[in-house]
Amino acid sequence: MRLIIPRAQGSRFQTAHCGPKAMKHSPILRLGWIILLIAVAVAQPARARDFCPDRPGIDTPPCTVEPGHLTAEMSFADWTHEATPDDITDSYLIGDLLLRYGIAEHAELRVGWTPFERNRTRDRQAGTIDSASGTGDVTLGIKRNLIDPDGKAVSVALLPSVILPTGGSAIGAGDWGAGLQVPLSMPINDLISVALTPEVDAAVNQSGHGRHFAYGTAGGVSIAPMNGVTLAIEAAVLRDDDPDGASTQAIAGAAMGIMVGRNAQLDVGSEFGLNRDAPDVHLYIGIARRF
């Protein structure tokens, strides 16, 4: 069983696999943490920009964290439900975390990790239930803004990322993967802006060994009806050419973020599958905080 679940980490579409796989902690992960710690030590704090978190929503904003500042973004609870003619699967995430640290006026380092995930699958015919739980893989990335890091005008960024197979045998993908997003945003006026996030991925095969080509795009409209409140209406399509069975997922979603002061945001969001390949429902609630 495989679920393609939109996440805040790196690629918006990541694969969660059910079933045992042999995995090992990668030395690349340790190197990534060393790079992050060095960047924290040498970067100098800069003028605080308007807070621009990645969550909530399907799109990835092109804005970056100003140098010397750290943003922590976490999902309190995350539930995905998918029903097929053969089975029904529910996936639960707790504490899905993204850390973003500004290393330059136009660049940030990113580390994403899911500390706990549980998948529960019920066979419709036999009535049997299979469940698996554990930690997820780690995603490392760098977002490099090309135009307007504040994201207030027309803004474009590049976001390459790599997924390290550090997760538990029940949840992890089983092999490394990689992706590239190109987030874009353009304000229409003071209240409305549009966003687009095309991406290409070297996604891990369902078997847990090797990679295949996946590509797609997300797009939407962001509305600020009042100070400190943002609404997003979005949609996305992803083509996944897995050798064990290709699929094309289409989803639509709505999300809301509410600022608490200048440096924190609470959010809630929902996504719904538009075709048979997509999960039926995805609901989540979380927080983002700048330090």
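Residues numbered from 1 in each chain as written. Predicted model: local features only at pLDDT ≥ 70, side-chain atom pairs only at ≥ 80, totals over all residues. Heavy atoms only, no water.

Caption draft 1: Quick look at the overall build of the protein. Along the backbone of the protein there are one helix and 18 strands. In the protein, which comprises 291 residues, the share counted as buried stands at 49%. Counted over contacts in the protein with a minimum sequence separation of 6, partners at least 24 positions apart contribute 59%. Accessible area of the protein: about 12,900 Å², with a carbon and sulfur share of 65%. (Helix = DSSP H or I, 4+ residues; strand = E, 2+ residues; numbered from the N terminus. Buried < 20%, exposed > 50% of the residue type's maximum accessible area, 1.4 Å probe, protein only. Contact = heavy atoms within 4.5 Å. Areas by Shrake-Rupley, 256 points an atom, 1.4 Å probe, with all protein chains shown as cover.)

Caption draft 2: Main features of the layout of surface pockets. Of the pockets and cavities examined, the largest pocket occupies roughly 1,200 Å³. In terms of lining residues, the largest pocket is bounded by 46 residues, among which Phe51, Cys52, Ser193, Ser222 and Thr230 are the most central. Those elements that place two or more of their residues in the lining of the largest pocket are strand 12 (184-187), strand 13 (192-204), strand 14 (211-226), strand 15 (229-240) and strand 16 (247-259). By residue number, the principal contributor to the lining of the largest pocket is strand 14, which donates six residues. (1 Å grid on protein atoms, 1.4 Å probe; cavity = no way out; pocket = protein on both sides within 12 Å on 5 of 7 lines; lining within 4 Å. Points joined across faces, edges and corners; volume = space filled by probe spheres on them.)

Caption draft 3: Structural detail: unusual backbone geometry. In this structure, the amide linkage connecting Arg55 to the following residue, Pro56, adopts the cis form with an omega of 0 degrees. Of note in this structure, Asp148 is not a glycine but carries a positive phi near 60 degrees. Following the sequence through the fold, Asp148 ends up in the loop between strand 9 (138-147) and strand 10 (155-164). When its relative accessible area of 22% is taken as the criterion, Asp148 is described as partly exposed.

Caption draft 4: Inspection of the packing of aromatic side chains at higher detail. Scanning the entire structure with this criterion turns up one aromatic pair. Sitting above the plane of the Trp176 ring, Arg211 keeps its charged end 3.8 Å from the centroid. Sitting over the face of the ring of Phe291, Arg289 holds its NZ or CZ atom 5.0 Å from the ring centroid. (Phe/Tyr/Trp six-rings, centres within 6.5 Å; stacked < 30°, edge-to-face > 60°. Lys NZ or Arg CZ within 6 Å of the ring centre and 35° of its normal.)

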